[in-house]
Amino acid sequence: MLPVHVINPNSLVHVTASIQAAVLGTRALDRDCAFATLHAGPAGITTQAHADLAATLVAQYVAEHAEQAAAFVVACFSDPGVFAAREVTRRPVIGIGHAGLMHALSLGRRVGVIAIASSAVPRHWRYWRALQLDTHVVQERALDLSVGQSGDPAIALEKMVQVGRQLVVDDEADVLVLGCAGMAALRKPLQDAVGVPVVDPCQAAAFATAAQLGAL
């Protein structure tokens, strides 16, 4: 049985470890997973230039492994390279950003997103408009931390709770989505603090991948 390849498009190995813990923790996939760090990628994808570079690297990785995987998961909230990758493989290619939003809409009607950086927000909105999902997002607010800091509870959790409460109280979001793969380990403590469902897009992508493979 071929494994699912889960691709971290940035070069941070500890972010890949966080992605791996989130995906395997769901127990959604009934097969092995291969977790890849794209070491030629940027140390975090926060700008359009980062996303453009990552998209090329993701498409190259998928082309090189097209016959060695049952499916591919692109583990970056911007879903860089998803469309290019689908041109070079017959296997399913799932972006965690799209999967995360779709899962959130099964839990609520007003989605709030926690971004890692303000520079990422316009890119996310462009993507949601292309997917025709923008009307379901009430607001996106940024932590303005580095991707490397995003999963560190000593650095990120207090600010994440503050931003999450703003989304719930001020923007009336009834479900939140973590807008960076590196935040996965903080999903549960954030959910406990804000009192609404919080979606980790890596976990959402694991369930979406399992559903697609089950339908083949």
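Residues numbered from 1 in each chain as written. Predicted model: local features only at pLDDT ≥ 70, side-chain atom pairs only at ≥ 80, totals over all residues. Heavy atoms only, no water.

(A) Just the overall build of the protein, in detail. Tallying secondary structure elements over the protein gives 8 helices and 8 strands in all. The C-alpha radius of gyration of the protein comes to 16 Å, within 12% of the 17 Å expected for a compact globule of 216 residues. Viewed in the frame of its principal axes, the protein has a C-alpha envelope of about 50 × 35 × 30 Å. A buried classification covers 54% of the 216 residues belonging to the protein. Taking as baseline every contact in the protein between residues at least 6 positions apart, the subset at least 24 positions apart corresponds to 70%. (Helix = DSSP H or I, 4+ residues; strand = E, 2+ residues; numbered from the N terminus. Rg over C-alpha atoms; globule rule 2.2 N^0.38 Å. Buried < 20%, exposed > 50% of the residue type's maximum accessible area, 1.4 Å probe, protein only. Contact = heavy atoms within 4.5 Å.)

(B) Quick look at the sheet that holds strand 7 (residues 175–179). One open sheet accounts for 4 strands, arranged 6-5-7-8; its pairing is parallel. With partners counted over all chains shown, the strands left at the sheet margins are strand 6 (137–142) and strand 8 (198–199), one partner each. In the sheet, strand 5 (residues 111–115) pairs with strand 7 via 5 bridges, with the strands oriented parallel. Along strand 7, the bridge assignment pairs glycine 112 with leucine 176. (Pairing = 2+ DSSP bridges.)

(C) Representation of the sheet that holds strand 2 (residues 33–37). What the 4 strands build is an open sheet, ordered 2-1-3-4; its pairing is parallel. Each of the sheet's edge strands pairs with one partner strand only, and the pair in question is strand 2 and strand 4 (93–95). Going across the sheet, the axis of each strand differs from the next one's by a mean of 20°, ignoring polarity. Across the sheet, helix 1 (residues 13–26) is in contact with strand 1 (4–8) and strand 2; its angle to strand 2 comes to roughly 160°. Seen against the sheet, helix 4 (residues 96–104) touches strand 3 (71–74) and strand 4 and runs at an angle of roughly 65° to strand 4. (Axes fitted to C-alpha atoms, helices over the stretch in contact; angles between N-to-C directions.)

(D) Representation of the nonpolar core in the model. Within the largest apolar cluster, 56 residues are counted, with the highest numbers of intra-cluster contacts made by Ile19, Ile114, Met160, Leu176, Val177, Met183 and Leu190. Ranked by residues supplied to this core, first place goes to helix 6 (residues 153–169) with 6 residues. Setting aside anything within four residues of it in sequence, one finds leucine 176 in contact with Gly112, Ile114, Gly164, Leu167, Val168, Val194, Val196, Pro197, Val198 and Val199. Of all hydrophobic cores here, the second largest spans 13 residues; its members include Ala36, Leu38, Val62 and Phe72. (Core = buried A, V, L, I, M, F, W, Y, C linked by side-chain atoms within 4.5 Å.)

(E) Representation of empty space enclosed by the protein within the structure. Counting across every chain of the model gives 1 cavity of 30 Å³ or more. Empty space within the largest cavity amounts to approximately 140 Å³. In this structure, the largest cavity is lined by 19 residues; those nearest its centre are Ile45, Cys76, Phe77, Cys180 and Ala181. Tallied by class, the residues present in the lining of the largest cavity amount to 11 nonpolar, 7 polar and 1 charged. (1 Å grid on protein atoms, 1.4 Å probe; cavity = no way out; pocket = protein on both sides within 12 Å on 5 of 7 lines; lining within 4 Å. Points joined across faces, edges and corners; volume = space filled by probe spheres on them. Nonpolar A, V, L, I, M, F, W, Y, C, P; charged D, E, K, R; others polar.)

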